[in-house]
Amino acid sequence: FGSSPLACPTCACFAAMSNVPAAELSKEQKDELLCTYAALILHDDGAEVTPQAMTNLIKASGCIVESYWPMLMAKMIQNCGMEQLIKMGSGGGGGGGGGG
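Predicted model, so just to flag it, every value in this text is computed and none were measured.

What follows concerns helix 3 (residues 51–60). For helix 3, every residue scored as buried is listed here: Ala53, Met54 and Ile58. All buried residues of helix 3 project into a common sector of 130 degrees when viewed along the axis, lining one side. In this structure, helix 3 carries Lys59 and Ala60 as exposed residues pointing more than 90 degrees from its buried face. Close packing links the buried residues of helix 3 with helix 2 (27–44) and helix 4 (68–80). Two residues or fewer past helix 3, Gly62 is found with a positive phi of approximately 90 degrees.

Spelled out as structure tokens, the structure:
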């Protein structure tokens, strides 16, 4: 990331979209978040979410991740389905409590 953990545009999202400042995230957390954003971007664009596509997008943003992350993320998406993972991550919560 150079001298700053926010050196690339994708990494800049960490500060705005996370409850934890980017500087406080571990390398593993940053890598996972980068892969998550890459997968969401590819999915939103209608592209196939593959390890290579994720790696290409991450590299194009000026970032790098450990090579196993895109592979793990793509396998999870393949096994669970992107729509299901999005639903799981949305924190939809339960319905409102009944009045008494």
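There's more to say after this.
Core analysis: the biggest nonpolar cluster contains 17 residues, and Cys35, Ala39, Met54, Ile58 and Ile77 have the highest contact counts within it. Elements that contribute at least two residues to this core include exactly helix 2, helix 3, helix 4 and helix 5 (82–89). Examining the composition of this core, we find that five residues originate from one element, helix 2, more than from any other. Beyond its immediate chain neighbours, meaning those up to four positions away, Ala39 contacts Val49, Met54, Met73, Ile77 and Met82.

Attention shifts here to the side chain of Ser61. Inspection of the secondary structure assignment puts Ser61 in the loop between helix 3 and helix 4. Accessibility expressed as a relative area gives 12% for Ser61, which makes it buried. At 2.6 Å, the side chain of Ser61 forms a polar contact with the backbone oxygen of Ile58.

Right, let's get into the pattern of salt bridges. Taken as a whole and assessed by the stated rule, the structure comprises one salt bridge. Across the salt bridge formed by Asp31 and Lys27, the nearest N and O atoms sit 2.7 Å from each other. Of this pair, Asp31 and Lys27 both sit in helix 2, separated by four residues, roughly a single helical turn. A residue is classified by how much of its surface remains accessible, and Asp31, at 0% relative accessible area, is buried. Judged by relative accessible area, Lys27 falls into the partly exposed class, the value being 33%.

The rules we used
- Numbering of residues starts from 1 in every chain and runs along the sequence as written.
- Only residues with pLDDT of at least 70 are given local features in this predicted model, and only at 80 or more are side-chain atom pairs given and counted; all residues enter the totals for whole chains, interfaces and linings.
- Neither water nor hydrogens contribute to the side-chain values; these are computed over all heavy atoms in the structure.
- Throughout this description, buried means an accessible area under 20% of the type-specific maximum (1.4 Å probe, protein chains only), exposed means over 50%, and partly exposed covers the range between.
- The numbering of helices and of strands both runs from the N terminus, where a helix is a DSSP run of H or I of at least 4 residues and a strand a run of E of at least 2.
- Think of the arc as the fan of directions from the helix axis to the C-beta atoms.
- Working rule for contacts: check all heavy atoms of both residues, and any pair within 4.5 Å makes them a contact.
- The criterion is simple. A nonpolar core is a set of buried Ala, Val, Leu, Ile, Met, Phe, Trp, Tyr and Cys residues joined through side-chain atoms within 4.5 Å.
- As used in this structure description, the phrase polar contact means that two N or O atoms lie within 3.5 Å; if the pair is within protein, one of them must be able to donate a hydrogen and the other to accept it, and residues adjacent in sequence are counted only when both atoms belong to side chains.
- By definition here, a salt bridge exists when the distance from a side-chain nitrogen of Lys or Arg to a carboxyl oxygen of Asp or Glu is within 4 Å.

It is worth stressing that arrangement in space is one thing and function is another; only the former is reported here.
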